Amino acid sequence: DITTKGTANYRKYNYVFAKVEGGENEAKLKAVQDVLKGKGFAVQSVKEAQEFLTSIISILQGIVAAFAAIAIIASVFGIVNTMYISVLQRTREIGLMKALGMRKRDIGRLFRFEAAWIGFIGGLIGSLLAVGLGMGLNPWITEQLDLGKGNSLLIFRPTEIVMLIIALMIVSILAGWLPSRKAAKLDPIEALRTE
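Residues numbered from 1 in each chain as written. Predicted model: local features only at pLDDT ≥ 70, side-chain atom pairs only at ≥ 80, totals over all residues. Heavy atoms only, no water.

**Comments concerning the overall build of the chain**
So, step 1. Regarding its fold elements, the chain presents seven helices and zero strands.
So, step 2. Secondary structure elements of the chain occur, N-terminal to C-terminal, as α-α-α-α-α-α-α.
So, step 3. For the C-alpha atoms alone, the extent of the chain along its principal axes is close to 90 × 35 × 30 Å.
So, step 4. Residue pairs at least 24 apart in sequence account for 66% of intrachain contacts in the chain once pairs closer than 6 positions are excluded.
So, step 5. If you sum the accessible surface of the chain, you get close to 14900 Å²; carbon and sulfur atoms cover 67% of it. (Helix = DSSP H or I, 4+ residues; strand = E, 2+ residues; numbered from the N terminus. Contact = heavy atoms within 4.5 Å. Areas by Shrake-Rupley, 256 points an atom, 1.4 Å probe, with all protein chains shown as cover.)

Laid out in structure tokens, this is it:
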């Protein structure tokens, strides 16, 4: 009444929930909807409302996935940059390892292992922050959306978090592949001369 006072809808129902007998039959439901639409009512079945909500959730998931893809691309460039700088800063160390008999394959593996650690630590820190923030916001979101006691919008599954960290480690190893090859191909004599 407060929101509709002074309008044509004052003291009128804004919406009505109607249960159609035999409404599980699509044809019967459609016939009733057509009759109501003919009388000037806007009609929406539970199935249509569910489809509408599902489409909104799909759009939101797409937006989140796009942000995640941008974050992964940015992290790949960050790891490549970090690994290249690491190779440049440790050129003499790489030369010494090679002069002492370390094989190219082992040097490459060492740098890929470092890249995997970067992915693991970054994924772990990010996951812990996400879980902490989600756990803190869940009660507030539940209250705002009136989801009811015991319900949560943000759900964290340990298996998915572990899979995410493993995926980030794989991405990090792939990102560190070129710098690790550069380190493996360094000439030991030239590397030892580097100041």
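Picking up where we left off.
**Examining helix H1 (residues 26-38)**
So, step 1. Helix length check: H1 (13 residues) gives 18 Å between terminal C-alpha atoms against 18 Å at 1.5 Å per residue, within 8%.
So, step 2. Of the residues one or two after H1, Gly 40 is the one with positive phi, at around 90°. (Expected span 1.5 Å × (residues − 1).)

**Things to note about the packing of aromatic side chains**
So, step 1. Applying the stated criterion across every chain, the model contains two aromatic pairs.
So, step 2. With a centroid separation of 6.3 Å and an interplanar angle of 85°, the aromatic rings of Phe 113 and Trp 117 are classed as edge-to-face. A residue pair is termed a helical-turn pair when its members lie 3 or 4 positions apart in one helix, as Phe 113 and Trp 117 do in helix H4 (residues 104-145) at four residues.
So, step 3. Between Trp 117 and Phe 120, the ring centres sit 5.5 Å apart and the planes meet at 90°, which makes this aromatic pair edge-to-face. Taken together, the residues span about one helical turn, with Trp 117 and Phe 120 both in helix H4 at a distance of three residues.
So, step 4. With relative accessibility at 29%, the residue Phe 120 sits in the partly exposed group.
So, step 5. Clustering of aromatic rings is evident, with ring pairs tying together Phe 113, Trp 117 and Phe 120. (Phe/Tyr/Trp six-rings, centres within 6.5 Å; stacked < 30°, edge-to-face > 60°. Buried < 20%, exposed > 50% of the residue type's maximum accessible area, 1.4 Å probe, protein only.)

**Here's the deal with the side chain of Lys 98**
So, step 1. Tracing the sequence through the fold places Lys 98 in helix H3 (residues 91-99).
So, step 2. Comment: no salt bridge for buried Lys 98; closest opposite-charge side chain is Asp 187, at 7.0 Å.
So, step 3. With sequence-adjacent residues up to four places away left out, Lys 98 is seen in contact with Lys 104, Ile 107, Ala 183, Ala 184, Lys 185, Leu 186 and Pro 188. (Lys, Arg positive; Asp, Glu negative; His and termini not counted. Salt bridge = Lys/Arg side-chain N within 4 Å of Asp/Glu carboxyl O.)

**Quick word on the packing of helix H2 (residues 46-89) against helix H5 (residues 158-175)**
So, step 1. Here H2 crosses H5 at 45°, and the two axes come no closer than 9 Å. Between H2 and H5, the angle falls in the class oblique. Relative to H5, H2 is oriented so that their crossing is right-handed. Residues Ile 72, Val 76, Ile 79 and Val 80 of H2 lie in contact with H5, whose contacting residues are Val 171, Ser 172 and Ala 175.
So, step 2. Across the contact of H2 with H5, the residue classes tally to six nonpolar, one polar and no charged. (Axes fitted to C-alpha atoms, helices over the stretch in contact; angles between N-to-C directions. Parallel < 35°, antiparallel > 145°, perpendicular 65-115°, else oblique. Left-handed = near helix turned anticlockwise from the far one by under 90°. Nonpolar A, V, L, I, M, F, W, Y, C, P; charged D, E, K, R; others polar.)

**Notes on the confidence of the model for the chain**
Reading fine detail from the predicted coordinates is not recommended where pLDDT is low.
So, step 1. For the chain, the average pLDDT comes to 83, and 98% of its residues sit at 70 or higher.
So, step 2. The least confident element of the chain, judged by mean pLDDT, is helix H7 (residues 188-193) at 74; the most confident is H5 at 89. (pLDDT = per-residue confidence, 0-100.)

**Considering the environment of Val 16**
So, step 1. Considering the arrangement of structural elements, one finds Val 16 in the segment before H1.
So, step 2. In sequence terms Val 16 and Leu 145 are 129 residues apart; their C-alpha atoms lie 21 Å from each other.

**What about a nonpolar patch on the surface?**
So, step 1. Judged by side-chain polarity, Phe 52, Leu 53, Ile 56, Ile 57, Ile 59, Leu 60, Ile 63, Phe 67 and Ile 70 come together as a nonpolar surface patch covering roughly 920 Å² of accessible area.
So, step 2. Inspection of the secondary structure puts Ile 56 in helix H2. (Patch = residues over 30% accessible without salt bridge, like charges linked within 9 Å, V, L, I, M, F, W, Y side chains within 5 Å.)

**Points about the side chain of Arg 90**
So, step 1. Looking at where Arg 90 falls in the secondary structure, it is placed in the loop between H2 and H3.
So, step 2. Not counting residues within four places of it along the chain, the set of residues in contact with Arg 90 comprises Leu 110, Phe 111 and Glu 114.

**Section: the pattern of salt bridges**
So, step 1. Enumeration over the complete set of coordinates arrives at six salt bridges.
So, step 2. A salt bridge links Arg 103 to Asp 106, with the shortest nitrogen-to-oxygen separation between them at 3.1 Å.
So, step 3. Here Asp 106 and Arg 109 are joined by a salt bridge, their closest N and O atoms 3.7 Å apart. With Asp 106 and Arg 109 both in helix H4, this residue pair falls three residues apart, about one helical turn.
So, step 4. Connected via shared salt-bridge partners are Arg 90, Glu 93 and Glu 114.

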